[in-house]
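# Structural overview
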Amino acid sequence: MFNMQFDELHQRQSQWTVPDTELRESLRLAVAEVLLPAYRSFLKRFGPLVENGKNPQKYIKYTAEDLERLLGELFEGKSMNEPRR
């Protein structure tokens, strides 16, 4: 569920444009400050259980570093056809 929602959010909000560099970075930081600690906590608590189960990539698609990198793409005004970094 998280993976699907994050993919959808990333696709949509990467297309949004925030021309003001300082505001764009502030928005990214605000999202990261909420999302990354919660995600790291989830990985620490449930990661070993998921990794030992069936299809772990179905449940944990991203590392915390992946999410951090993808958050850096938000609000850039990218078209849907542009590849991810």
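Please refer to the structure higher up on the page.
Residues numbered from 1 in each chain as written. Predicted model: local features only at pLDDT ≥ 70, side-chain atom pairs only at ≥ 80, totals over all residues. Heavy atoms only, no water.

## Focus on unusual backbone geometry
For the record, the criterion: Strands are runs of DSSP state E lasting at least 2 residues, helices are runs of H or I lasting at least 4, and numbering of each runs from the N terminus. Burial classes: relative accessible area under 20% of the type maximum marks a residue as buried, over 50% as exposed, and values in between as partly exposed (1.4 Å probe, protein chains only).
Positive phi is not limited to glycine here, since Asn55 has a value of about 50 degrees. Within the secondary structure, Asn55 sits in the loop between helix H2 (21-51) and helix H3 (56-59). Since its relative accessible area comes to 46%, Asn55 is described here as partly exposed. At Phe75, a residue that is not glycine, the phi angle is positive and equals roughly 65 degrees. Residue placement: Phe75 occurs in the segment after helix H4 (64-71).

## Overview of the pattern of salt bridges
Cut-off, in case you're wondering: Salt bridge, as applied in this entry: a Lys or Arg side-chain nitrogen positioned within 4 Å of an Asp or Glu carboxyl oxygen.
Summed over the entire model, instances satisfying the criterion amount to eight salt bridges. The closest approach of N and O atoms between Glu76 and Arg24, which form a salt bridge, is 3.7 Å. Of this pair, Glu76 sits in the segment after H4 while Arg24 sits in helix H2, and the two are 52 residues apart along the sequence. You can call Glu76 partly exposed: its relative accessible area is 31%. Where salt bridges share partners, they join Arg24, Glu25, Arg28 and Glu76 into one cluster.

## Some thoughts on the side chain of Gln13
Locating Gln13 in the fold gives a position in helix H1 (residues 2-15). In this structure Gln13 comes out as buried when scored by relative accessible area, which is 14%.

## Focus: the packing of aromatic side chains
Inclusion rule: Here the aromatic set is Phe, Tyr and Trp, taking the six-membered ring for Trp, and pairing holds for ring centres within 6.5 Å; pairs whose planes are under 30 degrees apart are stacked, those over 60 apart are edge-to-face, and all others are tilted.
Enumeration according to the criterion identifies six aromatic pairs in this entry. Both rings, one in Phe2 and one in Phe6, keep their centres 5.9 Å apart while their planes meet at 20 degrees; by these two values the pair is stacked. In this pair, Phe2 and Phe6 are both assigned in helix H1, four residues apart and thus about one turn of the helix distant. Given a relative accessible area of 33%, Phe2 falls into the partly exposed group. By the ring-pair criterion, three or more aromatic residues cluster together here, those being Phe2, Phe6, Tyr39, Phe42, Phe46 and Tyr62.

The values reported here are purely geometric and, on their own, carry no functional implication.
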